[in-house]
Amino acid sequence: MDPTDTGAGTGAEADARRLIPRTDAVLRDPRLLRAAHRLGTGRVKSAVHRAQQRAREGALPPEAVADTAVSLLPGSAGGLRPVINATGVLLHTNLGRAPLSDAARQAVQEAAGPTDVELDLGTGVRARRGRTALAALRAAVPAAGAAHVVNNGAAALVLAATALAAGREIVVSRGEMVEIGDGFRLPDLLVSTGARLREVGTTNRTTAADYAGAIGPDTAFVLKVHPSNFRITGFTRAADVAELTALGVPVVVDIGSGLLAPHPLLPGEPDARTQLAAGAALVTASGDKLLGGPQCGLLLGNEELVGTLSRHPLARALRVDKLTLAALEATLTGPGTPTGRALDAVPEALTARAGRLAAALAADGVDVRAVPSEATVGGGGAPGVVLPSAALSLPEHYAGALRTGADPVVGRLEGGRCLLDLRAVPEADDERLTGAVRAAGGR
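Residues numbered from 1 in each chain as written. Predicted model: local features only at pLDDT ≥ 70, side-chain atom pairs only at ≥ 80, totals over all residues. Heavy atoms only, no water.

## Observations regarding the overall build of the protein
- The helix and strand inventory of the protein stands at 19 helices and 17 strands.
- When the backbone C-alpha atoms are referred to their principal axes, the protein occupies close to 90 × 55 × 40 Å.
- Here the contacts in the protein between residues at least 6 apart in sequence split such that 72% fall between residues at least 24 apart.
- Total accessible area on the protein is roughly 21,100 Å²; 54% of this is exposed by carbon and sulfur atoms.
- Looking at the protein, you have 46 positive and 45 negative side-chain charges, and the mean spots of the two groups are 3 Å apart. (Helix = DSSP H or I, 4+ residues; strand = E, 2+ residues; numbered from the N terminus. Contact = heavy atoms within 4.5 Å. Areas by Shrake-Rupley, 256 points an atom, 1.4 Å probe, with all protein chains shown as cover. Lys, Arg positive; Asp, Glu negative; His and termini not counted. Charge placed at Lys NZ, Arg CZ, Asp CG, Glu CD.)

Here it is in structure tokens:
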């Protein structure tokens, strides 16, 4: 007998406690048997014990123990919970940046078991890791002679600095010595590789002549960094890649946001294709931003240079797993990404959609109205770019209830109201969204 199923007590209390079902009996419930296969026996047993304890405390009748245990179980064995991103920030870092496309999710599922990640099935011999994903990346950026993938954008820059500039100098503008988030600063990152930084120019103006004056025998490369999470306006000047390429040393460009080709809504956002065409020897970027793929770092450029990086010992420590490779390839070759659809959403369609959802919720007695909104790219991309959008406006107290609900929704507070911006919410999730609002309001 499970020792947790008995205890001291007298009279009615003792009688009630004796009615609480034993743990082994509850665990035979078909729903809990299925859950044990999905979540593990330990987690299911813990839920049963918590339900039994509530019954001992009189918070629920003994016959409700099994139902309560089922309700206490998480949706998956992992600790991460899926949420609806209604913040109006398309690439929200705290929410995992780019959501994967259906094609990428399916590819991850298929790659979860044994795969031919480093095996040529035709010959039976070892093959290059991630060769099909790298081929897809090359096809997406034809100007790149070669491509390599590491585990994030910062790692791409670290690999380049370590392999090419350890013990040597990197020439970089003072206006591009950025902090990339959570206290991590570009200068600290680069210096940690053993490279020395040669800063040129000023915060707001750096010319090609400034770079030329700093280049010497110890120069490994000129680094150009896109200040993707802020914008300087006014009396400014920045040398472009074509000017820097003419100086006779390799130019490495960190574009950050992972835009592979120009986008009409983001005229100020650098893209890999344009930078390589202008003469950059190497472009580094993140895969989980505007590309709309998994977290990874992209290195695109000169074949010999990329080959040097891919063969460096550090490349082994920074390599990506088969799931990332599968998701990246499907992102590049698939029918489109949620990030792309959110970026290209038609404002008028968002307004009409917000009106429909607001009318349906208002009919159920919810204090809601459709309002204009402004969305942003986020994730260190396209600073200052405003994307016209539409939102559901709710009383402020909805914010916490939605965030902690059974199907969490994260919005933003503005003007004393909780706004649920629709630009980053797929239309397929409208029923989830309205259901969560009704639950948060007790409807």
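## Re the sheet that holds strand E10 (residues 251-256)
- Taken together, the 7 strands give an open sheet; going across it, the order is E2-E12-E11-E10-E8-E3-E6, and neighbouring strands pair in mixed fashion. Edge strands, defined here as strands with exactly one partner in the open sheet, are strand E2 (146-150) and strand E6 (196-200). For this sheet, the mean angle separating the axes of adjacent strands, direction not counted, is 25 degrees.
- Relative to E10, strand E8 (residues 219-225) runs parallel, the two being bridged by 4 bridges. Across the sheet, Leu223 pairs through a bridge with Val252, a residue of E10.
- Contacts from helix H7 (residues 131-140) reach E2 and strand E12 (297-301), with the element oriented near 125 degrees to E2.
- Sitting on the sheet, helix H8 (residues 153-165) is in contact with E2, strand E3 (169-173), E8, E10, strand E11 (282-286) and E12, with an inclination near 160 degrees to E8. (Pairing = 2+ DSSP bridges. Axes fitted to C-alpha atoms, helices over the stretch in contact; angles between N-to-C directions.)

## Structural notes on the pairing of E3
- Across the 5 residues of E3, 5 count as buried, placing the element largely inside the fold.
- The side-chain alternation of E3 yields two buried faces, one formed by Glu169, Val171 and Ser173 and the other by Ile170 and Val172.
- Pairing between E3 and E6: 5 bridges, direction parallel. Paired with Glu169 across the bridge in E6 is Arg196.
- Of the strand pairs in this sheet, E3 and E8 are connected by 4 bridges, and their pairing is parallel. In the strand pairing of E8, Val172 is matched with Leu223. (Buried < 20%, exposed > 50% of the residue type's maximum accessible area, 1.4 Å probe, protein only.)

## Quick look at the nonpolar core
- In this structure, Leu137, Val149, Leu260, Leu298 and Leu300 are the most contacted members of the largest nonpolar core, which totals 35 residues.
- No other element matches H7, which puts 4 residues into this core.
- Apart from residues no more than four positions distant in its own chain, Leu300 is found in contact with Leu137, Val141, Ala144, Ala146, Ala147, Leu260, Ala272, Leu276, Ala281, Leu282, Val283 and Val306.
- If you look at the next biggest cluster of nonpolar residues, it comprises 30 residues, including Ala160, Leu164, Ala220 and Leu305. (Core = buried A, V, L, I, M, F, W, Y, C linked by side-chain atoms within 4.5 Å.)

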